[in-house]
Amino acid sequence: MHEPWAVAALLCVPYRPFAGASAKNDTVLAACARHPERFLVPGFDTPEVAVARTLTDPDNAVWEVWRGGTFLGILVLDRIVRGIDARLQFVFFDDDLASKAELLREFTRRCFAEAGLHRLTFEAPDYMDTLLNFARKQLGFRYEGGARAGSRRERAYFDGERWSDVIVLRV
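Residues numbered from 1 in each chain as written. Predicted model: local features only at pLDDT ≥ 70, side-chain atom pairs only at ≥ 80, totals over all residues. Heavy atoms only, no water.

(A) A look at the nonpolar core. If you look at the biggest cluster of nonpolar residues, it comprises 34 residues, and the most contacted ones within it are Leu75, Leu77, Phe90, Leu103, Phe107 and Phe122. Element by element, the count of residues in this core is highest for helix 3 (residues 101–113), at five residues. With near-sequence residues (within four places) excluded, Phe90 lies in contact with Arg38, Ile74, Leu75, Leu97, Leu104, Phe122, Leu131, Phe134 and Leu139. Judged by nonpolar contacts, the second largest core, of 11 residues, contains Cys32, Phe39, Val51 and Val91. (Core = buried A, V, L, I, M, F, W, Y, C linked by side-chain atoms within 4.5 Å. Buried < 20%, exposed > 50% of the residue type's maximum accessible area, 1.4 Å probe, protein only. Helix = DSSP H or I, 4+ residues; strand = E, 2+ residues; numbered from the N terminus. Contact = heavy atoms within 4.5 Å.)

Set out below in structure tokens:
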């Protein structure tokens, strides 16, 4: 999974934060910091710090998503337990999930076939209905433990103003 790969017109390449133009990192940090709820990393002062830690953590695997010369977003695997599980996170700078469904399904397939994982976990705050429904309906994620109302970690995400439950999905 450490080699570039493509689906239709979308190209995925491993993210190298310390190589290439620093402007790319500025773009990634700014775009991802607008979506701190996608990272669910507590205990940091700013979304930029949380994102920077996630993207540069050597235990995480991160890919850039491109269409032609346009940088569209990132895919992240963190909490990786080799051969068992990892948490999937993604941010697309154009917020167009529908056009990335095929890419995300291929990425999920590669996680199982090439990385040897047996499951993927996806988490999002309970108020992110569109994202959670996309993960369930388009990517095949199910509620953890088969819970009908959704498996949740109560009051697990604080956005600076309010606490929210985090819904846990798996495939």
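(B) Structural view of the layout of surface pockets. Of the volumes computed, that of the largest pocket is approximately 410 Å³. Lining the largest pocket are 22 residues, with His2, Asn60, Ala61, Val62 and Trp63 sitting closest to its centre. Counting residues per element, the ones that place at least two in the lining of the largest pocket are helix 2 (47–56), strand 3 (61–67) and strand 4 (70–81). Top element by residues in the lining of the largest pocket is strand 3. It accounts for three residues. A per-class count over the lining of the largest pocket returns 14 nonpolar, four polar and four charged. (1 Å grid on protein atoms, 1.4 Å probe; cavity = no way out; pocket = protein on both sides within 12 Å on 5 of 7 lines; lining within 4 Å. Points joined across faces, edges and corners; volume = space filled by probe spheres on them. Nonpolar A, V, L, I, M, F, W, Y, C, P; charged D, E, K, R; others polar.)

(C) Molecular detail of unusual backbone geometry. Here Ala8, not a glycine, exhibits a phi torsion of approximately 50 degrees, which is positive. Its place among the elements puts Ala8 in the loop between strand 1 (5–7) and strand 2 (10–14).

(D) Examining the environment of Gly146 more closely. Examined against the element boundaries, Gly146 turns out to sit in the loop between strand 7 (142–143) and strand 8 (151–158). For Gly146, a relative accessible area of 52% translates into the label exposed. Considering only alpha carbons, one finds Gly146 and Leu169, 23 residues apart in sequence, at a separation of 9.2 Å.

(E) Just the packing of aromatic side chains, in detail. Taken as a whole and assessed by the stated rule, the structure comprises eight aromatic pairs. Residues Trp63 and Phe107 carry aromatic rings whose centres are separated by 4.9 Å and whose planes lie at 70 degrees to one another, so their mutual orientation is edge-to-face. One end of the pair, Trp63, is in strand 3; the other, Phe107, is in helix 3, with 44 residues separating them in the sequence. On the numbers, 4.8 Å between centres and 15 degrees between planes, the contact of Trp66 with Phe71 is stacked. Judged by its relative accessible area of 21%, Trp66 falls in the partly exposed class. When its relative accessible area of 13% is taken as the criterion, Phe71 is described as buried. Grouped by ring-pair contacts, the aromatic residues Phe90, Phe92, Phe122 and Phe141 constitute a single cluster. (Phe/Tyr/Trp six-rings, centres within 6.5 Å; stacked < 30°, edge-to-face > 60°.)

(F) Local environment of the pattern of salt bridges. Within the structure shown, the criterion is met by 14 salt bridges. A salt bridge links Glu123 to Arg87, with the nearest nitrogen and oxygen atoms 3.0 Å apart. One end of the pair, Glu123, is in strand 6 (residues 119–125); the other, Arg87, is in strand 5 (residues 85–92), and 36 residues separate them in sequence. We note that Glu123, like Arg87, is buried. We note a salt bridge from Arg152 to Asp126, for which the minimum N-O separation is 3.4 Å. Here Arg152, found in strand 8, pairs with Asp126, found in the loop between strand 6 and helix 4 (129–137); they are 26 residues apart in sequence, far enough to count as distant. Residue classification places Arg152 among the partly exposed positions, given a relative accessible area of 35%. In this structure Asp126 comes out as partly exposed when scored by relative accessible area, which is 26%. Ionic contacts of the salt-bridge type, sharing partners, join the residues Asp78, Arg79, Arg87, Glu123 and Arg153 into one network. (Salt bridge = Lys/Arg side-chain N within 4 Å of Asp/Glu carboxyl O.)

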